[in-house]
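# Summary of the model geometry
Take a look at the letters that make up each chain.
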Amino acid sequence: MEKYSLLPEQLLYEGTVTESQFFTADPLPEDAILRTHTADYWHKLKYLKLSRKEARTIGFPMRPELVARGRVIAQGTLDCARYAFSDGVALNVAGGTHHAFADHGEGFCVFNDIAIATNELLHSGEVKQVLIVDLDVHQGNGTASLFAHEPRVFTFSMHGARNYPVRKERSDLDIGLPDGCQDDVYLDTLRGHLPGLLDGIAPDLVFYLSGVDVLESDKLGRLSVSLGGCRERDRYVLECCRERGLPVAISMGGGYSERLATIIEAHANTFRVAASLYD
């Protein structure tokens, strides 16, 4: 949890961003929550009525602060999307809560921030077609389930084949990578699929989940991507989108390396790459 305060501090300290480039989101309104999550699930969250089993599935003890935090994170991702329309790219220092389903949360995810933002933009008519590029090491099972029958949203998940969740949902495109996958195979796989998706789908907006749990140092990842390889992944995704004039909203996703400094460095690389490519 420390990374969420340390990351912006690092970015400010090194001059990658300035104070004026940050924004603070308001809590997500209830009507936006209910466009993605069921009324029953929201009622349980709002009044802290989740059962012990339901809370254990999420992985956090239920507290008002946790629900409030999730609402701000989800609104932050929606705000990022709207900033991306004018600026080309915008990044949430948190988010990527892709294990949350319509009627329950799991895997440390309470609300599904990218799904909420996508549904709100579709509802408002701000977009007609969305591509979700999920490169967290864990499959975006909640996101896949939420958009399984929504043709206006294409879900692409490239993840560890043998990693959590054990029971995978079906994304529009799933690529399961073997344990120990290194930079060359990882990046070649991405290069072999992303351009065709961007050109074939021609989305109005790309949501990019830039999890850094693909690193070799990650305690939960099981892949063997280097810090440089992870940065090259971010550069490639953003360059592909920028070349096509596609706005990108980025959520940070997971990162569980032993050294906190490694997690901060990997996430900071995503911001550094964005800063180097966009004016």
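As the structure is a prediction and not an experimental result, all values here were calculated from the model.

Criteria and cut-off values
- Residues numbered from 1 in each chain as written.
- Predicted model: local features only at pLDDT ≥ 70, side-chain atom pairs only at ≥ 80, totals over all residues.
- Heavy atoms only, no water.
- Helix = DSSP H or I, 4+ residues; strand = E, 2+ residues; numbered from the N terminus.
- Rg over C-alpha atoms; globule rule 2.2 N^0.38 Å.
- Buried < 20%, exposed > 50% of the residue type's maximum accessible area, 1.4 Å probe, protein only.
- Areas by Shrake-Rupley, 256 points an atom, 1.4 Å probe, with all protein chains shown as cover.
- Lys, Arg positive; Asp, Glu negative; His and termini not counted.
- Charge placed at Lys NZ, Arg CZ, Asp CG, Glu CD.
- Pairing = 2+ DSSP bridges.
- Phe/Tyr/Trp six-rings, centres within 6.5 Å; stacked < 30°, edge-to-face > 60°.
- Lys NZ or Arg CZ within 6 Å of the ring centre and 35° of its normal.
- Right-handed = clockwise from strand over helix to strand, strands pointing away.
- Axes fitted to C-alpha atoms, helices over the stretch in contact; angles between N-to-C directions.
- Contact = heavy atoms within 4.5 Å.
- Disulfide = S-S within 2.5 Å.

When helices and strands are tallied, the protein shows 10 helices and 6 strands. Relative to the compact-globule value of 19 Å for 279 residues, the protein shows a C-alpha radius of gyration of 17 Å, a close match. Principal-axis analysis of the C-alpha atoms places the extent of the protein at approximately 45 × 40 × 40 Å. Taken across its 279 residues, the protein has 55% of its residues classed as buried. For the protein, the exposed surface amounts to about 12300 Å²; the carbon and sulfur share of it is 51%. A gap of 6 Å separates the mean positions of the 28 positive and 39 negative side-chain charges of the protein.

So, about the pairing of strand 6 (residues 248-251). Burial of strand 6 is two-sided: the residues V248 and I250 facing one way and the residues A249 and S251 facing the other way are all buried. Strand direction decides the pairing type here: strand 5 (residues 205-209) and strand 6, joined by 4 bridges, are parallel. Bridging from a neighbouring strand, F207 pairs with A249 of strand 6.

For the rest of this paragraph, the subject is the packing of aromatic side chains. Following the criterion strictly, the structure yields 3 aromatic pairs and no others. Ring geometry for F23 against Y83: centres 4.9 Å apart, planes inclined by 40 degrees, an arrangement best described as tilted. With a gap of 60 residues between them, F23 in the loop between helix 1 (3-14) and helix 2 (30-33) and Y83 in helix 5 (residues 64-87) connect regions that are remote in the sequence. Using a relative accessible area of 38% as the deciding quantity, one classes Y83 as partly exposed. Pairing W42 with F111 gives two aromatic rings, centres 6.1 Å apart and planes at 50 degrees, and the pair type is tilted. With W42 in helix 3 (residues 39-46) and F111 in the loop between strand 1 (89-91) and helix 6 (113-124), the pair connects residues that are 69 residues apart, well separated along the chain. Side by side, W42 and F111 carry an identical accessibility label, which is buried. If you follow R69 out to its NZ or CZ, it ends over the ring of Y4, 4.7 Å from the centre.

This next bit is on the pairing of strand 2 (residues 130-134). With 5 of 5 residues buried, strand 2 lies mostly within the body of the structure. Both faces of strand 2 are covered, namely the face carrying V130, I132 and D134 and the face carrying L131 and V133. The pairing of strand 2 with strand 3 (residues 153-160) spans 5 bridges and is parallel. By the bridge assignment, D134 is partnered in strand 3 with S157. Remark: the strand 2/helix 7 (residues 141-146)/strand 3 crossover connection has right-handed handedness. Sheet analysis places strand 2 next to strand 5, joined by 5 bridges and oriented parallel. Each bridged residue has a counterpart across the sheet, and for V133 the counterpart in strand 5 is Y208.

With that out of the way, let us pick up the sheet that holds strand 3. Within a beta sheet, neighbouring strands are joined by backbone hydrogen bonds and run either parallel or antiparallel to one another. With parallel pairing, the 6 strands of this open sheet are ordered in space as 1-6-5-2-3-4. What marks the edges here is a single partner per strand, and that holds for strand 1 and strand 4 (173-177). Within the sheet, the average angular offset between the axes of one strand and its neighbour, ignoring direction, is 10 degrees. Packing against the sheet, helix 5 makes contact with strand 1, strand 5 and strand 6, and its axis sits at approximately 155 degrees to strand 1.

This paragraph deals with the state of the cysteines. Under the counting rule described, the total for this entry stands at 0 disulfides. Of all cysteine sulfurs, the one in C241 lies closest to C80, which takes part in no disulfide; the gap is 15 Å. Given a relative accessible area of 1%, C80 falls into the buried group. C241 provides the cysteine sulfur closest to C240, a residue in no disulfide bond, and the two sulfurs are 6.8 Å apart. Overall, the relative accessible area of 5% leaves C240 in the buried class.

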